[in-house]
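# Structural overview
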Amino acid sequence: MSEEDYDVVIDVLQKHYDKLWKMCDHNTEWGIMDHIRLEQMQKLKEAMKVWKKHLDDKVLE
């Protein structure tokens, strides 16, 4: 990611997503906590989409 493309919000959300994935990555059996983590990961991805859309809309103004 170049300095021009860097976005602190996306960076933080992605780091949290990556940490959650790392906790689930090597599991052979998925428990309730893994399902909660996956749900949280989905919310983080959605937040990234919303933020990128916000930035795109802001550019168009």
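Residues numbered from 1 in each chain as written. Predicted model: local features only at pLDDT ≥ 70, side-chain atom pairs only at ≥ 80, totals over all residues. Heavy atoms only, no water.

On to the nonpolar core, then. In terms of nonpolar packing, the biggest core is built from 7 residues, these being Ile10, Leu13, Tyr17, Leu20, Met41, Leu44 and Met48. Within the residue set of this core, elements represented by two or more residues are helix 1 (8-24) and helix 2 (32-60). With 4 residues, the top contributor of residues to this core is helix 1. What leucine 44 contacts, discounting residues up to four positions off in sequence, is Leu13, His16, Tyr17 and Leu20. (Core = buried A, V, L, I, M, F, W, Y, C linked by side-chain atoms within 4.5 Å. Buried < 20%, exposed > 50% of the residue type's maximum accessible area, 1.4 Å probe, protein only. Helix = DSSP H or I, 4+ residues; strand = E, 2+ residues; numbered from the N terminus. Contact = heavy atoms within 4.5 Å.)

What follows concerns the pattern of salt bridges. Evaluated as defined, the whole model comprises 4 salt bridges. Here arginine 37 ties to aspartate 34 by a salt bridge, and the two come within 2.9 Å at their closest N and O atoms. With arginine 37 and aspartate 34 both in helix 2, this residue pair falls 3 residues apart, about one helical turn. Take aspartate 34: its relative accessible area is 6%, and that puts it in the buried class. (Salt bridge = Lys/Arg side-chain N within 4 Å of Asp/Glu carboxyl O.)

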